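# Structure at a glance
Read off the chains here:
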Amino acid sequence: MVSAVYHDYSSFNDAKDFVGVFQNFDKLDLSFIEKLWGTYYYYMNNDIFATGLLIFATHEIMYFGRCLPWLIIDQIPAFRKYKIQETKMPSNKEQWECFKSVLKSHLLVEALPIWFFHPICDKLGVGLTVPFPSWTTIAFNLAVFFVLEDAWHYWLHRGLHYGVFYKYIHKQHHRYAAPFGLAAEYAHPIEVMLLGFGTVGIPIVYCYITGNLHLFTINLWVVLRLFQAIDAHSGYEFPWSLHHFLPFWAGADHHDEHHHHFIGSYASSFRWWDFVLDTEAGPEAKKKRELKMKQKAEKLN
Ligand SMILES: [Zn+2]
Ligand SMILES: [Zn+2]
């Protein structure tokens, strides 16, 4: 089986090792990352397995890799002043327990569906070939996914706070009132699937409608979404945090309030849903809400 990653292998010699295959791709007019992508698929010689492994490895390496700086920062007292709930430092034991649970859940929830990912992509026409789409196309796709995932997350997460859904599913994620990076995906398997659809399902539906999406874009999106989720759970608010420059970006400041108060601030990446629907968490937001209600009541009188 020859990979579908490139349309014309006529200039290739019969190299089978990774370096030899890379040298074949190196002769083509491609960027370094495209050459690497092409080499990987050609070398693996099985697109279904290659995609499954790529998505799984990207998730694991990027998830735990991004958690590592936060684990180190937790050990450095100089950073303590940036901690949002400064009295609540996660213990090493807590972080270890969380790590084991997240890893188990990844293996359990993802082990099977990941192998269906490539056939679904194939059916819907998700591109796999080099060269990649232009950077403007990729940036546009990423922006669309961020906005749509945020809406999905807001409503699903808000729903998960109702009665039985909270009790049997979402309560697990709220075990840590003062979150830390690793806790981002500490959740019940049903929650992982429901909220995970926002990350994986939305690009698939997008491709079903538009017929135009590349697997590289999906990979990049998954990485950025992971970084967003881990940073939102980091428990740190810096003067250089993104929301100071992009006021509608949620960040740790927004999601920490959710864990602290168990209610409100349901969105993932942006602040607009909670702002417009008046569901922001925390005493400041509560005060503002009460003032608004008072003013409304006075108007009616
Ligand atoms: Zn919640
Ligand atoms: Zn959370």
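Note that this is a predicted model, so its numbers are computed, not measured.

### Description of the overall build of the protein chain
Within the protein chain, the regular secondary structure consists of twelve helices and two strands. The linear arrangement of helices and strands in the protein chain, starting from the amino end, is α-α-α-α-α-β-α-α-α-β-α-α-α-α. Principal-axis analysis of the C-alpha atoms places the extent of the protein chain at approximately 80 × 45 × 40 Å. Considering the protein chain as a whole, with its 301 residues, one finds that 32% of them fall into the buried category. Across the protein chain, every contact between residues at least 6 apart in sequence was considered, and the portion connecting residues at least 24 apart equals 65%.

### Remarks on unusual backbone geometry
Of note, the bond from Val130 into Pro131 is cis; its omega dihedral lies within 30 degrees of zero at 0°. Despite not being glycine, Asn45 shows a phi value in the positive range, around 65°. In this fold, Asn45 is placed in the loop between helix H2 (32-44) and helix H3 (47-75). Notably, Asp278 is not glycine yet its phi reads approximately 55°, a positive angle. Position of Asp278 among the secondary structure elements: in the loop between helix H11 (272-276) and helix H12 (283-300).

### Some thoughts on the confidence of the model for the protein chain
When the pLDDT values of the protein chain are averaged, the result is 92; 99% of them are 70 or greater. The secondary structure element of the protein chain with the lowest average pLDDT is H12, at 80, and the one with the highest is helix H6 (residues 135-159), at 98.

### A few points about the domain arrangement of the protein chain
For the protein chain, the assigned domains are domain 1 (1-45) and domain 2 (49-125 + 133-300). On a C-alpha basis, the centres of domain 1 and domain 2 stand 35 Å from each other.

### Structural notes on the packing of H2 against H3
Between H2 and H3, whose axes approach to 8 Å, the crossing angle comes to 125°. Put simply, H2 runs oblique to H3. Remark: the crossing between H2 and H3 carries right-handed chirality. Between H2 and H3, the contacting residues are Tyr40, Tyr41 and Met44 on the first element and Asp47, Phe49 and Ala50 on the second. Of the residues contributing to the contact of H2 with H3, the split by class is five nonpolar, no polar and one charged.

Cut-offs and rules
Residues numbered from 1 in each chain as written. Chains lettered and ligands numbered in written order. Predicted model: local features only at pLDDT ≥ 70, side-chain atom pairs only at ≥ 80, totals over all residues. Helix = DSSP H or I, 4+ residues; strand = E, 2+ residues; numbered from the N terminus. Buried ≥ 20, exposed ≤ 12 C-beta atoms within 10 Å, placed from the backbone. Contact = placed C-beta atoms within 7 Å. pLDDT = per-residue confidence, 0-100. Domains from an automatic or database assignment. Axes fitted to C-alpha atoms, helices over the stretch in contact; angles between N-to-C directions. Parallel < 35°, antiparallel > 145°, perpendicular 65-115°, else oblique. Left-handed = near helix turned anticlockwise from the far one by under 90°. Nonpolar A, V, L, I, M, F, W, Y, C, P; charged D, E, K, R; others polar.

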